[in-house]
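Breakdown of the fold
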Amino acid sequence: MRVGIPTEIKADEHRVAITPSGVAAFVARGHEVVIEAGAGIGSAIPDESYRAAGAAVLDGPDAVWERADLVLKVKEPLDPEFERMRSGQVLFTYLHLAASRDLTTRLLERRIVGIGYETVQLTDGTLPLLVPMSEVAGRLSIQAGATSLEMRSGGKGLLLPGVSGVRRGRVTILGAGVVGLNACVVGVGFGADVTIIDIYVRDVVQGHVTTLMSNAANIEGAVASADLVICSVLIPGARTPRLVTRAHLTQMEPGSALVDVAVDQGGCAETSRPTTHHDPRYVEEGVVHYCVSNMPGAVPHTSTYALTNATMAYALEIADRGWRVAAAQDPALAKGVNVVDGQVTHQAVAAAHRLQGVALTET
Ligand SMILES: NC(=O)c1ccc[n+]([C@@H]2O[C@H](COP(=O)([O-])OP(=O)(O)OC[C@H]3O[C@@H](n4cnc5c(N)ncnc54)[C@H](O)[C@@H]3O)[C@@H](O)[C@H]2O)c1
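Residues numbered from 1 in each chain as written. Predicted model: local features only at pLDDT ≥ 70, side-chain atom pairs only at ≥ 80, totals over all residues.

Considerations on the site of the ligand
- For the ligand, the set of nearby residues contains 31 residues, the closest of which are S134, A137, G177, V179 and S214.
- Contributions of two or more residues to the shell around the ligand are made by α6 (131–148), α7 (178–190) and β8 (193–198).
- Grouping the amino acids of the shell around the ligand by side-chain chemistry returns 19 nonpolar, 10 polar and two charged. (Near = placed C-beta within 6 Å. Helix = DSSP H or I, 4+ residues; strand = E, 2+ residues; numbered from the N terminus. Nonpolar A, V, L, I, M, F, W, Y, C, P; charged D, E, K, R; others polar.)

Shown next, in the form of structure tokens:
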């Protein structure tokens, strides 16, 4: 199969859908890889590394789309990418179709096979192609919070680990899932005094953190005493619950910080609104808010490797067997198939747009 990787064109997107070792894996199995010149630059991967791994580096996106049977991307397609698609071509990328009727319609019109990273799902419910980005965001959240506590960011000028004779910072993490636990591990590594709150209480770092059951009193107390609050709560399929109110923030010391990682699902604090890497922070009730909705974009090199570590196994399945056989043999991949030849094959996407969905086997 011929695998194509265009440069991402979404604003501020610097990841790329393949690494040189991914190219080598395809080539070793007899596939051909074509990649757009410069596609890896934002992730600090030069064209030469792709060439050395066996890819053909092509100028411009048209040649890549034209030649590829399987297109690997990171973000959803945008204009002018739709015109480059052809019927039956397989697109494997983050799609988030339930959130966009327009994008769904465009893909149906182009009659491609759209496989969304975000809906590939294991039998235990895990979303393996979302986990790596949650890991990145969780680990980054402590870094973002530590910077937010610096004076130049509007913070109280507190060094999170403290120093000899001076107290360390107190971090409260709401939600002990992938983001929260990764924040917890880095927070402890930073030397901070970490409290983590969830509806399922688990002590993952054996006594080095305080674990609390999620209830109104515990949240109020742990937020009021925190220098840094990390919000990482998720209720799948629902808006993030507003666990941190404006009144809670008024009880925090001025210059404290709040990193709302869950802002992409609506945010966990009443005062949260999405921000960008260009203007990541604002202050409300004296608390520095960091609410960047695509945090992994700050570290595209790490994010590219983390993402492709997870996507490559599925991409190889598709290339080796063809998408239809691969999906028939792997139920997790089958859940990733969102649209086929003008029909919606993912029930949640069909329901979101009141469209008639069809079973994959009926396409
Ligand atoms: N901003 C970004 O760039 C970025 C990147 C990755 C993930 N995210 C977002 O971060 C959020 C967390 O993602 P995740 O992968 O860690 O999800 P997850 O499902 O692994 O974890 C969510 C946790 O929230 C807990 N929870 C649910 N209700 C709760 C409550 N009332 N009180 C306390 N805890 C509660 C759950 O028990 C679970 O442990 C999601 O909204 C995700 O979209 C954002």
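Considering the domain arrangement of the chain
- Splitting the chain by domain gives domain 1 (2–111 + 300–362) and domain 2 (131–298).
- Inter-centroid distance (C-alpha atoms) of domain 1 to domain 2 is 33 Å.
- Each side of the interface is counted separately: domain 1 has 10 residues, and domain 2 has eight residues.
- Here the residues of the side of domain 1 that touches domain 2 sort into four nonpolar, four polar and two charged. (Domains from an automatic or database assignment. Contact = placed C-beta atoms within 7 Å.)

Remarks on helix α5 (residues 101–110)
- Those residues of α5 that fall on the buried side of the exposure criterion are T104, L107 and R110. Seen along its axis, α5 keeps its buried residues to an arc of 130°; they face one direction. Opposite the buried face of α5, at more than 90 degrees from it, the exposed residues are D102 and E109.
- Those residues of α5 that are buried are in contact with α4 (81–84), β6 (113–116), β14 (337–340) and α13 (347–352).
- Positive backbone phi, approximately 55°, marks R111, located one or two places after α5. (Buried ≥ 20, exposed ≤ 12 C-beta atoms within 10 Å, placed from the backbone. Arc of directions from axis to C-beta.)

Brief notes about the sheet that holds strand β12 (residues 281–284)
- The seven strands are arranged β9-β8-β7-β10-β11-β13-β12 in an open sheet whose pairing can be described as mixed. Because the sheet does not close on itself, it has two edges, and the strands there are β9 (210–213) and β12. Going across the sheet, the axis of each strand differs from the next one's by a mean of 20°, ignoring polarity.
- Bridge count between strand β10 (residues 228–231) and strand β11 (residues 257–260): four bridges; the pairing is parallel. (Pairing = 2+ DSSP bridges. Axes fitted to C-alpha atoms, helices over the stretch in contact; angles between N-to-C directions.)

Quick word on the packing of α6 against α7
- Interhelical geometry of α6 versus α7 gives an angle of 40° and a closest axis separation of 7 Å. Classified by the interaxial angle, the pair formed by α6 and α7 is oblique. Relative to α7, the crossing made by α6 is right-handed. Along its contact with α6, which presents V131, S134, E135, A137, G138, R139, S141, I142 and A146, the element α7 presents V178, V179, G180, L181, N182, A183, V186, G187 and F190. (Parallel < 35°, antiparallel > 145°, perpendicular 65-115°, else oblique. Left-handed = near helix turned anticlockwise from the far one by under 90°.)

A few points about the packing of helix α1 (residues 20–28) against helix α10 (residues 300–321)
- Between α1 and α10, whose axes approach to 11 Å, the crossing angle comes to 20°. Relative to α10, the element α1 is oriented roughly parallel. The two elements α1 and α10 meet at a crossing, and its hand is right-handed. Residues G22, A25 and F26 of α1 form the contact with α10, whose own contacting residues are T308, M312, L316 and A319.
- When the residues that make up the contact of α1 with α10 are grouped by side-chain class, the tally is five nonpolar, two polar and no charged.

Section: the environment of C184
- Assignment of secondary structure puts C184 in helix α7.
- When the 26 C-beta atoms within 10 Å are taken as the criterion, C184 is described as buried.
- Separated by 127 residues in the primary sequence, C184 and V57 have C-alpha atoms spaced 41 Å apart.
- C184 has contacts with I173, V194, I196, V204, V205 and V209, leaving out every residue within four places of it along the chain.

A short note on the pairing of strand β2 (residues 32–36)
- Counting buried residues along β2, four of its five residues qualify, which places the element largely inside the surrounding structure.
- Where strand β1 (residues 2–5) lies against β2, four bridges are found, and the strand directions are parallel. Note on β2: the bridge partner recorded for R2 is E32.
- With respect to chirality, the unit in which β1 leads through α1 into the neighbouring parallel β2 is right-handed.
- Summarising the sheet, β2 and strand β3 (residues 56–58) pair through three bridges and their orientation is parallel. (Right-handed = clockwise from strand over helix to strand, strands pointing away.)

Let's talk about the environment of V337
- The residue V337 is located in strand β14 in this model.
- A tally of 23 C-beta atoms within 10 Å means that V337 is categorised as buried.
- In this structure, the C-alpha to C-alpha distance between V337 and G116, residues 221 residues apart in sequence, is 6.4 Å.
- Each residue touching V337, except ones within four places of it in the same chain, is listed here: V113, I115, A327, T345, H346 and L360.

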